[in-house]
Amino acid sequence: MELILQMMSYPFIVRAFIVGILVSLCAALLGVSLVLKQYSMIGDGLSHVSYGALSIAVACGIAPLKLSIPVVIAAAFILLRMNENGVMKSDAAIAAMSASALAIGVTVTSFTTGMTTDVCSYMFGSILAMSQEDVVLSVILSVVVLVLFIFCYHNIFAVTFDESFARATGVKVSFYNTMISVLTAVTIVLGMQMMGAMLISSLVIFPALSSMRLFKSFKGVMLSSGILAVVCFCTGIIVSYSYSTPAGASVVLANLCIFIIFLVLQKLKILIKPM
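Residues numbered from 1 in each chain as written. Predicted model: local features only at pLDDT ≥ 70, side-chain atom pairs only at ≥ 80, totals over all residues. Heavy atoms only, no water.

Caption draft 1: How the structure looks around the overall build of the protein chain. Looking only at helices and strands, one finds 13 helices and zero strands in the protein chain. Listed by position from the N terminus, the elements making up the protein chain come as α-α-α-α-α-α-α-α-α-α-α-α-α. The buried share of the protein chain, reckoned over its 275 residues, is 49%. For the protein chain, contacts bridging at least 24 residues in sequence account for 77% of all contacts bridging at least 6. (Helix = DSSP H or I, 4+ residues; strand = E, 2+ residues; numbered from the N terminus. Buried < 20%, exposed > 50% of the residue type's maximum accessible area, 1.4 Å probe, protein only. Contact = heavy atoms within 4.5 Å.)

Have a look at this one:
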């Protein structure tokens, strides 16, 4: 408790906890649908697109979030349309867009500012990167993401498991697929400042994968993913503060540890069940 109180005496850590918990929760909930739809690598692809947009924003002196959010939303929309229209398979489209955006970002950076602290923080994450304005914008957008997800929960469930049946029952499948992609894009951009382009996709993938080891119902996996995401984020930040390790990497390692524990528990459950 003394350690927690000591951490909370630093405004930048308070900001990190507020934004990190909200973004982790958003990423975990969306991640369940993305993993089940075999679209989990979209997080990695959009993070690279975000890095390219952020590099251009830093080079032009534009507020990073104000440029990157619309760019990443557009990228998510394009990826979805390419997959739906059969232009390119989702994994190939994500790989192509990811590599292209990363190359653009690195090239723009090399010609302008060079690998400054600002650019590196977006690449690898830094809890010092968030300003008060970023926190306010992140909180507002995170709450919007959560409210939309909860409000559209039943339709998202239908679209996740059986698009054909959902379409037959009158659900606007294309609209909800687009909404999931847009919400994911917003979440990725908001989480990049702390996690970095290289690690942000872990917030989307790990909680869902861990929860699926022990829970079988959609609601069970959702609730477990949300709880695990928040616990792992808080644990990672505390470890980062205590041992001076990178915050983003600490959060990912916390998620990895939980995944391994849940995997072991799943194996034990399988072995014990026949007995």
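Caption draft 2: Seen up close, the pattern of salt bridges. Applying the stated rule across the entire model yields one salt bridge. In this structure, K37 engages E163 in a salt bridge whose closest nitrogen and oxygen atoms are separated by 2.8 Å. Here the residue K37 occupies a position in the loop between α2 (11-36) and α3 (42-60), and E163 occupies one in helix α9 (residues 163-168), the gap between them amounting to 126 residues. The class for E163 is partly exposed, based on a relative accessible area of 30%. (Salt bridge = Lys/Arg side-chain N within 4 Å of Asp/Glu carboxyl O.)

Caption draft 3: Molecular detail of the environment of M194. Among the structural elements, M194 can be located in helix α10 (residues 173-195). Overall, M194 belongs to the buried group, its relative accessible area being 3%.

Caption draft 4: Highlighting the confidence of the model for the protein chain. The predicted model of the protein chain averages 83 in pLDDT, with 90% of residues at 70 or higher. Mean pLDDT in the protein chain bottoms out at helix α6 (residues 117-124), which sits at 60, and peaks at helix α12 (residues 218-243), which reaches 91. (pLDDT = per-residue confidence, 0-100.)

Caption draft 5: Just the packing of aromatic side chains, in detail. In this structure the tally under the stated criterion is nine aromatic pairs. Residues F175 and Y176 carry aromatic rings whose centres are separated by 5.1 Å and whose planes lie at 85 degrees to one another, so their mutual orientation is edge-to-face. An aromatic cluster is present here, built from Y153, F157, F161 and F218 joined pairwise through their rings. (Phe/Tyr/Trp six-rings, centres within 6.5 Å; stacked < 30°, edge-to-face > 60°.)

Caption draft 6: A look at the packing of helix α7 (residues 132-151) against α10. Viewed as axis vectors pointing N to C, α7 and α10 meet at an angle of 150 degrees, and their least axial separation amounts to 10 Å. Taken together, the axis directions place α7 and α10 in an arrangement best described as roughly antiparallel. Crossing of α7 over α10 shows left-handed handedness. Judged by residue contacts, D134, S138, L141, S142, V145 and L148 of α7 engage M179, L183, V186, T187, L190 and Q193 from α10. (Axes fitted to C-alpha atoms, helices over the stretch in contact; angles between N-to-C directions. Parallel < 35°, antiparallel > 145°, perpendicular 65-115°, else oblique. Left-handed = near helix turned anticlockwise from the far one by under 90°.)

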